[in-house]
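# Reading the structure
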Amino acid sequence: MHRPSDLLRLLIGLLGIALVIGLSAFAHGTTAGLEQDISKGTGQAPDLMVKLAGLASSIAVLLVPVAFAIERLIKRDGLRIADGVLAAVLAHGVTLATDLWVARSAPDSIQEALTRPQLGAGLTDPVHGYLAPVIAYMTAVGMARRPRWRVVLWVVLLLDAFAMLVAGYTTPFSIILTVLIGWTVAYGTLYTVGSPNVRPTGQTLMAGLRRVGFHPISAMRAEDVPDSAEQGDRGRRYFVPLEDGPPLDVTVVDREQQAQGFFYRVWRQLTLRSITTRRSIPSLRQALEQEALLAYAAIAAGANAPKLIATSELGPDAVMLVYEHLGGRSLDALADDEITDELMRGAWRQVSALQSRRIAHRRLTGDALVVDRSGRVVLTELRGGEIAAGDVVLRMDTAQLLTTMGLRVGAERSVAAGVEVLGPDAIADSLPLLQPIALSRSTRATLRRLARERSQRERDAVLKASEANKRARLDETHAGPHSGDGAAHAGHTTEGAPRTAAAEGEGPRRAVRKSLRAEKQAEKRAIDDALDEAREEDLLSQIRQQVLLIRPQAPVEPVRLERIKPRTLLSFIAGAVAAYFLLTQITQVDFGTVVGEAHWGWVAAAAAFSALSYVAASMSLLGFVPERVSFKRTVEAQVAGSFVKIVAPAAVGGVALNTRFLQRSGVRPGLAVASVGASQLFGLGAHIVLLLSFGYLTGTEKTASLTPSRTVIAGLLTVAVLVLVVTAIPFLRKFVVTRLRSLFAGVVPRMLDVLQQPMKLLTGIGGMLLLTGTFVMCLDASIRAFDNGNQQLSYASIAVVFLAGNALGSAAPTPGGVGAVEGALTLGLLAVGLPKEVAAPAVLLFRLMTLWLPVLPGWVSFNHLTRKGAL
């Protein structure tokens, strides 16, 4: 069994190891002072006590694991011993690697914190090679879970640590690191290999039932066993017939089932606010008491709930709860025509009874509502409930049951049954909680599935309308020439003066353009009409409308339940990554020299050109969007892109952001993707043309240190060889053709739309040229800020360096092309004859203006556009 709790302990251990090494590296004064205090305190211990402690710990460290192994083997638990031995071997390997790293590569501060000098023998071991394997072994075999052995374990560890510290064989941080390595390796081994299965056997279950006074005949596993991560901790259910008396329903819960869905529950606890939840992994005793309490409280409140008649432990790793047998079927197992209005009212009456005593169920899904043989609705799965629940949690139960019933019978019947039992006010109060985050995991999955099906139906309707519109236009085209011949002939004969060839050609072209424009508008109207007709509202919207028909003044603003949204977490991680890369770059620069030698007029010019680049980027995007989009918002989106590209490669983050921005601006998703794709494709072509053009210009210059013409030729030859290889290999040829076909399938029609608006196309082309120009001028200003006028580089050479560096940055997988762009720009400037003393700070200034300084305004723009719904 792979326990999530073992993985959690592994992560905690890794965090502890990182913390110890970090303190050793950066808190040198603290570690030195701690060692002095411990040495002063332990130096007063009697020598006899120190020697006895050392002797006892040395013997116990070897004997205690052996004794526990013998005890496990006697109880036929050899699998645990095998896990312990494997963990010990791995821990020994980790300690050897750590010792080697500290001795050869670690900073001096870490070495001083983990080792101590010995007289004539060098330094002590940073990690104790015999103690870490022992700790890993004892942890993996489960000694810590047995009270007596746990006491012996801690006594041995404390004695050994005391003896080594007093004798000067180790440091406090070395002992802590040794314990953490052994502990971490043990849980890593247990999670990877798996722990022994602690599920109780059938014989254990039968023996447990006899121990509480029953006489079972057999125990049969229930068929409707939940398998989702949210429901997996509810236990395994058994049907148990007795020798005398009615049968029983028995639920068995063990530690493995409690661990199921652990990380999901942790995430819910971290992200949800104003909602009290139980611990992610309670003890078996707590789980037993929680379910028993809820069962008794529900019955006392007047609700129909299974009667709990006995509880018992089944060994140290499992418990059982014994209920009277229900013999019914869950709501999920009923057919739609079997769910009557009376049955729904019965379910609402049970919820009303619970809420009258402030009891929340928290899992009112279809499998928790059981209909017995008499038609009564019984509430099961009470373990996740809550006593003395708050208003928000009670309203969540109402919203959940509205959705559960609505999925089966529709919004109208679900709301009507709830209003009849709870009243319109209680139902209306649940509207702010009618949001996916407040519903159960299985319900959210069902709503997502229905949304995908609804979207597919809408898409099919739009495609059908588009095909019908095309067929209608084809029919009109075939019928048009025959009906218009006479009119055309008449017009020709009544024309008095002969027309020139130019005049005769201009009229038909204008008519064709007008016809194409009219056809496009007609197709767009047909698609929009089809989309409006096919658009369906989701279930939650239908429920809201039904409630508002009864209570128009009901609050509909959703309650904010999320403390941390994934978008917020992503922004935080992005900021951390950006700060890390910024610090790693800044720490390598001598700011005193840079600040003292910089010409601030050119620095300001570089900043101005960097700011102008966002206007150019907006022009290059909007030039390929025929729809009307706010230019101001587009500029703000490009500024936001300076933040996004810190956490994603430049060629990926910008595409995703611009696509999302266009969709939020009213452009349909397919057209938004096509517009961004057209912009990117045209930009790639312009980039290649400019690189070849400027490369040729610099090649014609008499520059001895750089001959870009040869580079261009070599590049062209390389591209030609790659093209031949791709076309010669069928697999690669098919792959490239498929990708190009899918790209041009959306981009080419979009380009045809743009070609009908020449000003748009000119805006896009001008924006791309201006974007390249602003970056080239920014790099030129950065160079002039440090070269004191001694170096005169042509704009063609600077353009080649920038275009090559930008191409590498787009291909590099690092955020913003960090590392690749700096290296390429620096090498390029050195190649064109710029000294290193000028090239390095110039590249730093250029990247500061175009990458790092815009991060903060980009973050502000990103959050502003997100709040406004533009992203």
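Starting from 1, residues in each chain are numbered consecutively following that chain's sequence as written. Only residues with pLDDT of 70 or above have their local features reported here, since the model is predicted, and side-chain atom pairs are shown and tallied only from 80 upward, although totals for entire chains, interfaces and linings are computed over all residues. Note: side-chain values were computed over all heavy atoms of the structure, leaving out hydrogens and water.

With that settled, consider the sheet that holds strand β4 (residues 236–240). Two strands pair if DSSP finds at least two bridges between them. We count a stretch as a helix when DSSP gives it H or I for four or more residues in a row; a strand needs E for two or more, and each element gets its number in order from the N terminus. One open sheet accounts for 5 strands, arranged β3-β4-β5-β7-β6; its pairing is antiparallel. Unpaired on one side and paired on the other, β3 (220–221) and β6 (308–313) mark the two borders of the sheet. Strand direction decides the pairing type here: β6 and strand β7 (residues 318–324), joined by 5 bridges, are antiparallel. For Glu-313, the partnering residue across the bridge sits in β7 and is Val-319. Throughout, a contact is declared for two residues whenever any of their heavy atoms are within 4.5 Å. Whenever a helix is involved, its axis is fitted only over the stretch in contact; in every case the axis is a line through C-alpha atoms, and angles between N-to-C directions fall within 0 to 180 degrees. This element, helix α9 (residues 202–211), spans β4, β5 (248–254), β6 and β7 of the sheet and lies at about 60° to β7. Contacting β5, β6 and β7, helix α12 (residues 284–300) runs over the sheet at an angle of about 15° to β7.

The next thing to look at is the pattern of salt bridges. Pairing between side chains becomes possible if they bear opposite charge and their charged atoms approach one another. Whenever Lys or Arg places a side-chain nitrogen within 4 Å of a carboxyl oxygen from Asp or Glu, that contact is recorded as a salt bridge. Going through the model one piece at a time under the given rule, you end up with 14 salt bridges. A salt bridge links Arg-237 to Glu-381; its shortest N-O distance comes to 2.6 Å. Of this pair, Arg-237 sits in strand β4 while Glu-381 sits in the loop between β10 (377–379) and α14 (391–409), and the two are 144 residues apart along the sequence. If you follow the salt bridges from partner to partner, you end up with Glu-342, Arg-345, Arg-349 and Glu-420 in one network.

Here we come to the side chain of Ser-618. Assignment of secondary structure puts Ser-618 in helix α22 (residues 600–622). Throughout this description, a polar contact denotes any pair of N or O atoms lying within 3.5 Å of each other; where both atoms belong to protein, one of them has to be capable of donating a hydrogen while the other can accept it, and for residues adjacent in sequence the pair is counted only when both atoms sit in side chains. A polar atom in the side chain of Ser-618 sits 3.3 Å from the backbone nitrogen of Val-635. If near-sequence neighbours (up to four positions away) are discounted, Ser-618 is found in contact with Phe-631, Thr-634, Val-635 and Gln-638.

We now examine α12. Because each turn of an α-helix spans 3.6 residues, side chains separated by three or four positions in sequence point in the same direction. Here, expected helix span is obtained from the residue count minus one, scaled by 1.5 Å. Counted at 1.5 Å a residue, the expected span for α12 with its 17 residues is 24 Å, and the 24 Å between its end C-alpha atoms agrees. For every residue, the accessible area obtained with a 1.4 Å probe (protein chains only) is divided by the maximum for its type, and the residue is called buried under 20%, exposed over 50%, and partly exposed between those limits. Listed in full, the buried residues belonging to α12 are Leu-284, Ala-287, Leu-288, Glu-291, Ala-292, Leu-294, Ala-295, Ala-297 and Ala-298. Trailing α12 by a residue or two, Gly-302 shows a phi angle of about 95°, which is positive.

Note on placement: Pro-107 falls in the loop between α4 (78–104) and α5 (108–114). On the accessibility criterion, Pro-107 (42% relative accessible area) is partly exposed. Expressed as a C-alpha distance, the spacing of Pro-107 and Ser-24, which sit 83 residues apart in the sequence, is 9.5 Å.

Burial along β4 is one-sided: the face carrying Arg-236, Tyr-238 and Val-240 is buried and the face carrying Arg-237 and Phe-239 is not. Pairing between β3 and β4: 2 bridges, direction antiparallel. Across the sheet, residue Met-220 finds its bridge partner in β4, namely Phe-239. Sheet analysis places β4 next to β5, joined by 5 bridges and oriented antiparallel. Pairing of Arg-236 across the sheet is with Val-252, part of β5.

The strand order β8-β9-β10 describes an open sheet built from 3 strands, whose pairing is antiparallel. What marks the edges here is a single partner per strand, and that holds for β8 (329–330) and β10. As paired strands, strand β9 (residues 369–371) and β10 are joined by 3 bridges and run antiparallel to one another. By the bridge assignment for β10, Val-370 is matched with Val-378. Lying over the sheet, helix α13 (residues 341–356) contacts β9 and β10, oriented at roughly 35° with respect to β10.

Another point: a nonpolar patch on the surface. Taken together, the side chains of Leu-86, Leu-90 and Val-193 make up a nonpolar region of the molecular surface, amounting to roughly 230 Å² of accessible area. Structurally, Leu-86 is set in helix α4. We classify Leu-86 as partly exposed; its relative accessible area is 36%. Patches here: salt-bridge-free residues with over 30% relative accessible area, like charges joined within 9 Å, nonpolar side chains (Val, Leu, Ile, Met, Phe, Trp, Tyr) joined within 5 Å. Here, Shrake-Rupley sampling with a 1.4 Å probe gives the accessible areas, and only protein chains in the shown set may cover a residue.

Looking now at the nonpolar core. One finds Leu-369 and Ile-543 to be the most contacted residues of the largest nonpolar core, which totals 47 residues. For this core, the secondary structure elements donating two or more residues are α12, α13, β9, β10, α14, α15 (411–422), α16 (424–429) and α19 (539–550). When residues in this core are grouped by element, the largest group, 7 residues, is from α13. Setting aside its immediate chain neighbours within four residues, Ile-543 contacts Leu-402, Thr-403, Ala-411, Val-415 and Leu-434. For the purposes of this section, nonpolar cores are sets of buried Ala, Val, Leu, Ile, Met, Phe, Trp, Tyr and Cys residues that join through side-chain atoms within 4.5 Å.

Taken by themselves, the reported measurements are silent on function.
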